[in-house]
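Observations on the three-dimensional arrangement
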Amino acid sequence: MHNLREKYGDKALITGASSGIGEQFAWQLAASGFDLLITARQEEQLQQLADELKEKHHIDVEIVACDLSDTKQLDALIEKAKATDFGLVVSNAGFGAKGDFLEHDYVQVENMYQTNSLAPSKLAYHLLPKMVENKRGGFIFTGSVEGEVAFPYSAPYAASKAFVHSLVRSLWLEMKQHGVDVLLLAPGSTDTAAPLKQGMTKDQLIGLQSPAFVAKKALGALGKKMVVTPGFVNYAFISLFKILPRRWSTIAAGLGMKKAIADAKSQNQAK
Ligand SMILES: NC(=O)c1ccc[n+]([C@@H]2O[C@H](COP(=O)([O-])OP(=O)(O)OC[C@H]3O[C@@H](n4cnc5c(N)ncnc54)[C@H](OP(=O)(O)O)[C@@H]3O)[C@@H](O)[C@H]2O)c1
């Protein structure tokens, strides 16, 4: 992985670095010698991570506490980031919520669209030009298997990730001619706080994989692939869904999600 630094330079920016997959990107890039700018909302977690990374890997780590659903905070982050030559950017922050579309809190839905879709797009718009100018760079976007097909009972999240998937596939080709590598990371079940925050329970998640494995696969795929879905089970699952007629895949995803929500509810109630 040390050739990442030779290929992209020595500075990386990671959003959603306070936990889960983003934190693992931070550890793996730090181990490769990148100086980092890490961002998320929880400043304390970021500070603790920065201290540990500096101590273990002797790199520079800057933290920026930023709520990506707040456009003013996002703009301030972008202004700051534009002043540095980031050769590698990991747009990873995101969150989801499960349930009937009409039962969501719409303020949360708008925050989800802002965080999961509009913020990555704006980061890309403002941070890719320097990579284009330098004729090198790497940009990883974290989507989800839910961005590949429609997912009833997870509609806003799936839609927010579908936006990213379409954008990133287009950017992959547009950026190629400028020597900039773009990768869509589309993980399936990953052992982080995210599924639990959405009310799921760990034992109902099929193909659960570690966030370290997911980050490693993404860094390994950058510059080689357009899309990566780490793990055989998750890859096989989404590949099967994609070859089904859309109507069937939508029905299957909806039935599966509805059952998963109901099972999680009864498991959580029994606790
Ligand atoms: N775990 C899975 O099974 C799975 C599957 C497919 C895709 N993904 C995607 O993987 C990415 C990382 O999630 P994870 O699984 O690692 O879960 P996680 O541990 O909950 O990490 C989510 C990260 O995003 C940050 N974040 C959330 N909302 C934010 C906001 N409004 N502004 C700024 N930062 C925000 C969180 O930090 P703060 O709370 O400190 O802001 C955290 O660092 C997400 O995009 C998620 O959709 C996860």
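A brief look at the structure comes next. What you are looking at is a predicted structure, and each value in this text was computed from that prediction instead of being measured.

Parameters at a glance
- Residues numbered from 1 in each chain as written.
- Predicted model: local features only at pLDDT ≥ 70, side-chain atom pairs only at ≥ 80, totals over all residues.
- Helix = DSSP H or I, 4+ residues; strand = E, 2+ residues; numbered from the N terminus.
- Rg over C-alpha atoms; globule rule 2.2 N^0.38 Å.
- Buried ≥ 20, exposed ≤ 12 C-beta atoms within 10 Å, placed from the backbone.
- Contact = placed C-beta atoms within 7 Å.
- Near = placed C-beta within 6 Å.
- Nonpolar A, V, L, I, M, F, W, Y, C, P; charged D, E, K, R; others polar.
- Axes fitted to C-alpha atoms, helices over the stretch in contact; angles between N-to-C directions.
- Parallel < 35°, antiparallel > 145°, perpendicular 65-115°, else oblique.
- Left-handed = near helix turned anticlockwise from the far one by under 90°.
- Core = buried A, V, L, I, M, F, W, Y, C linked by C-beta atoms within 7 Å.
- Pairing = 2+ DSSP bridges.
- Right-handed = clockwise from strand over helix to strand, strands pointing away.

On to the overall build of the protein, then. Scanning the protein for helices and strands turns up ten helices and seven strands. What you see for the protein is a C-alpha radius of gyration of 18 Å, in line with the 18 Å of a compact globule of 271 residues. Taking the principal axes of the C-alpha coordinates as reference, the protein spans close to 50 × 40 × 35 Å. Counting all 271 residues of the protein, 42% fall into the buried class. Considering only contacts in the protein between residues 6 or more positions apart, those separated by 24 or more positions represent 70%.

Okay, the site of the ligand next. Lining the immediate surroundings of the ligand are 31 residues, of which G16, G20, R41, G94 and A194 lie closest. Listed by contribution, the elements that provide at least two residues to the shell around the ligand are α2 (20–31) and α7 (193–197). When its residues are assigned to classes, the shell around the ligand shows twelve nonpolar, 17 polar and two charged.

Between two packed helices, both the angle of their axes relative to each other and the distance between the axes serve to describe the pair. Remark: helix α4 (residues 71–82) packs on helix α5 (residues 106–134), axes separated minimally by 10 Å, with the N-to-C direction vectors making an angle of 25°. When the axes of α4 and α5 are compared, the pair comes out roughly parallel. For α4 against α5, the interelement crossing comes out right-handed. Contacts between α4 and α5 involve L74, I78, A81 and K82 on the former and, on the latter, A119, K122, L123, H126 and L127. Classifying every residue of the contact of α4 with α5 gives six nonpolar, one polar and two charged.

Moving on to the nonpolar core. Membership of the largest hydrophobic core comes to 64 residues, with the highest contact counts inside it found for A12, I14, A26, L36, I38 and A218. With seven residues, helix α6 (residues 155–176) is the single largest residue contributor to this core. In this structure, L36 is in contact with A12, I14, A26, L29, A30, L53, I59 and V61, ignoring residues within four places of it in sequence.

Take the pairing of strand β2 (residues 35–40) next. Of all six residues that make up β2, six are buried, and the element is covered over most of its length. Neither face of β2 is open: one carries D35, L37 and T39, the other L36, I38 and A40, and all of them are buried. Summarising the sheet, strand β1 (residues 11–15) and β2 pair through five bridges and their orientation is parallel. In the sheet register, T15 faces β2, and the bridge partner there is T39. Where β2 lies against strand β3 (residues 61–65), five bridges are found, and the strand directions are parallel. By the bridge assignment, L37 is partnered in β3 with E62. Viewed along the sheet, the connection from β2 through helix α3 (residues 43–57) into β3 turns out right-handed.

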